[in-house]
Amino acid sequence: MLKLDDKSDEQLLKHFSENHRRAIKKGKKYNLICRKLSTTTEIFQFADGYSKMFMRRRIKRSYDKSLKSFISIFEWLKNKNVGFFVGTYEEEKMVGGMLILIRNDRAEYYSGF
C-alpha cells in the first residue's frame, strides 16, 4: 500500500517498479485515459475485460459470477465510499481496469486486468 496524502505525481511514480513506470509512460504516448467508473454499464465492460484476460490465459472463470461480484462490490463501494473502479480507455474502448480499495489514508490495488 502507498500513502497518498500530499504526494506529487513524481513522488508517487518513484514508488512504482520500473516496469510500471514504463507502462505509464507508454500509456501517455498512446493517449490512454484513466477515469473512475460511475455506472453499472461500465462495470459490465470491466467484467468483460476481466473475463477475457482469464480466457487469454486459459484459466476457467465464470463471467456471470465475476459480473455479479463486481456489481455487488460497486454498489457497496458507492454506499461506503471505501474504494472505486478505474477504467483505462483507448478512445472509447475500455482496454484495462482496476479495483482500488481505500483504508484510512492508503489506497490498495485489489483486482484488475
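Preceding this paragraph is the structure being described.
Here's a quick rundown of the structure. Since we're looking at a predicted model, the values are computed, not measured.

To continue, consider the side chain of Glu 42. Following the sequence through the fold, Glu 42 ends up in helix α3 (residues 40–56). Classification of Glu 42 as buried rests on a relative accessible area of 12%. Ignoring sequence-local partners within four residues, the contact set of Glu 42 consists of Arg 35, Leu 37, Tyr 89 and Met 94.

All right, on to the packing of α3 against helix α4 (residues 63–80) then. Put simply, α3 and α4 touch, their axes get as near as 9 Å, and they point 140° apart. Accordingly, the angle class assigned to the pair α3 and α4 is oblique. As α3 runs across α4, the sense of the crossing is right-handed. For the pair formed by α3 and α4, the contact residues are Thr 40, Ile 43, Phe 44, Phe 46, Ala 47, Asp 48, Tyr 50 and Ser 51 on the first element and Tyr 63, Ser 66, Leu 67, Phe 70, Ile 71, Phe 74 and Glu 75 on the second. Each residue belonging to the contact of α3 with α4 can be placed in one class, and the counts come to 10 nonpolar, 3 polar and 2 charged.

A few words now on the packing of aromatic side chains. All chains considered together, the criterion is met by 8 aromatic pairs. By the ring-pair criterion, three or more aromatic residues cluster together here, those being Phe 46, Tyr 50, Phe 54, Phe 70, Phe 74, Phe 85 and Phe 113. Residue placement shows Arg 35 over the ring face of Tyr 89; its charged tip is 3.8 Å from the ring centre. Positioned above the aromatic ring of Phe 54 is the side chain of Arg 61, whose terminal nitrogen or guanidinium carbon lies 4.4 Å from the ring centre.

Quick notes on the rules
Residues numbered from 1 in each chain as written. Predicted model: local features only at pLDDT ≥ 70, side-chain atom pairs only at ≥ 80, totals over all residues. Heavy atoms only, no water. Helix = DSSP H or I, 4+ residues; strand = E, 2+ residues; numbered from the N terminus. Buried < 20%, exposed > 50% of the residue type's maximum accessible area, 1.4 Å probe, protein only. Contact = heavy atoms within 4.5 Å. Axes fitted to C-alpha atoms, helices over the stretch in contact; angles between N-to-C directions. Parallel < 35°, antiparallel > 145°, perpendicular 65-115°, else oblique. Left-handed = near helix turned anticlockwise from the far one by under 90°. Nonpolar A, V, L, I, M, F, W, Y, C, P; charged D, E, K, R; others polar. Phe/Tyr/Trp six-rings, centres within 6.5 Å; stacked < 30°, edge-to-face > 60°. Lys NZ or Arg CZ within 6 Å of the ring centre and 35° of its normal.

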